[in-house]
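Notes for the structure review
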Amino acid sequence: MVGPSSQEFGTKLAKRMGLPLLAVTTTEFPDGEIKYKFEEALSGLEVLLVQSAYPPSDKHYMQLFLASHHMSQEGARVHAVIPYLGYARQAKAFLPGEIVSLGIIAHLLRSVGVNRVSTVDMHSAEGLALFSMPVYSVSAVPALAQYVKTHVKLEDPVIVAPDAGSVKRTQAFASLYGAKSIQFKKSRDRVTGRIKMEAGKVSVKGKDCVIVDDVITTGGTVAASTELLRKSGARKVVSACVHAVLLGETYDKLIKAGVDEIIGTNTVPSRVSKVDATEPMAAYLRTIVAEKR
Ligand code: R5P
């Protein structure tokens, strides 16, 4: 079933896998509440429910919960494919009293009948442990690296991790691309959210830099990294991320900050969705089908 937030992703995924689309009529009330009408019998079906939880995450999760609950009550097995897993950043309490939001999302998914979850580049591997059902995070980083290699002209490239959390992804990107990687040190004030960025040791003077991250939300991380790179004499700055949430004026803010090009995937539909993440997702899902045979 292609959920309302993932029309393009879900349709492409179904086509890639040769799966039929479930017939569902979706309407929205004027206040934004969704109404579903399922047009076919569900009992005994194995359904891939494709619904990304990008902002407004609460609404997109609610749309997923309603559909999943109904389908499981009617006797279908629901495997939720959530290309962008909203709330994944809060996979632990950073300050006393904070809620582990992702744990509650995992609990809610289970309670509405989801029995398996697949996502793309979950914010941190820590989050996987919060699910009491099979959960897998596919990586779109190889597809991003391939896109940059094929479509972006770079000279003497350096791949940049803007913070500790993005080091593994950046190293994977760098090794697939065949370039060196460096790491910046980012610290975030846990109360105000303000970030401070410090450069690594390697010189970027005259080099083309690719900043790799899982998500761009307000662009604060990429803007601060770009500022540092430009100050250090970088020639070109490209920002490659999996989930281009790009809230409000973020795209313009990043271009203004000196980013030459922004590249994202279609886990979140955006003006920079240049890379198709249904390819790694389909490759993974095929392994489950093969396992069951
Ligand atoms: C942080 O840990 C993430 O990997 C991203 O760097 C961050 O969430 C991006 O947010 P923003 O675009 O608001 O700086």
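As the structure is a computational prediction, the values presented were derived from the model and not from experiment. Throughout this document, residue positions are counted from 1 along each chain, in the order its sequence is written. Given that this is a predicted model, residues contribute local features only at a pLDDT of at least 70 and side-chain atom pairs are listed and counted only at 80 or more, while totals for whole chains, interfaces and linings are drawn from all residues. Excluded from the side-chain calculations are hydrogens and water; all other atoms, namely the structure's heavy atoms, are used.

Concerning the site of the ligand
Consider each residue's heavy atoms; a residue with any of them within 4 Å of a molecule or strand counts as near. Within the structure, the ligand sits among 14 residues, and D213, D214, T217, T218 and T221 are positioned closest to it. Measuring from an oxygen atom of the ligand, one finds a side-chain N or O atom of D213 at 2.5 Å. Backbone polar atom of G219 to an oxygen atom of the ligand: 2.8 Å apart, as the coordinates give it. Per-residue accessibility takes into account occlusion by the displayed protein chains alone, with areas from the Shrake-Rupley method and a 1.4 Å probe. Calculation on the ligand without its partners gives an accessible area of 370 Å², and the protein chains cover 89% of this total. A run of H or I in DSSP counts as a helix once it spans at least four residues, and a run of E counts as a strand once it spans at least two, with each numbered from the N terminus. Breaking the shell around the ligand down by element, the ones donating at least two residues are β9 (185–188), β11 (208–216) and α6 (220–231). Ranked by residue count, the leading element in the shell around the ligand is β11, at four residues. For the shell around the ligand, a count of residues per class yields two nonpolar, six polar and six charged. Whenever two N or O atoms come within 3.5 Å, that pair is a polar contact, provided that in protein one can donate a hydrogen and the other can accept it, and provided that, for residues adjacent in sequence, both atoms are side-chain atoms. Note on residue categories: nonpolar means Ala, Val, Leu, Ile, Met, Phe, Trp, Tyr, Cys or Pro, charged means Asp, Glu, Lys or Arg, and polar means any other residue, Gly included.

Side note on the side chain of S225
With respect to the element layout, S225 can be found in helix α6. Per-residue accessibility, obtained with a 1.4 Å probe over protein chains only, is compared with the maximum for each type, and a residue is labelled buried under 20%, exposed over 50%, and partly exposed between these values. When its relative accessible area of 0% is taken as the criterion, S225 is described as buried. Any pair of residues with heavy atoms lying within 4.5 Å of one another is described as a contacting pair. Not counting residues within four places of it along the chain, the set of residues in contact with S225 comprises P162, F184, M197 and I211.

A word on the pattern of salt bridges
By salt bridge we mean one thing: a side-chain nitrogen of Lys or Arg within 4 Å of a carboxyl oxygen of Asp or Glu. One pass over the structure, following the stated rule, counts twelve salt bridges. Between K207 and D156 there is a salt bridge, with the nearest N and O atoms lying 3.3 Å from each other. Residue K207 is found in the loop between β10 (195–198) and β11, and its partner D156 is found in the loop between α4 (141–151) and β7 (157–161); the two are separated by 51 residues along the sequence. D208 is the partner of R235 in a salt bridge, and the nearest nitrogen-oxygen pair spans 3.0 Å. Note that R235 is positioned in the loop between α6 and β12 (236–244) and D208 in strand β11, a separation of 27 residues in sequence.

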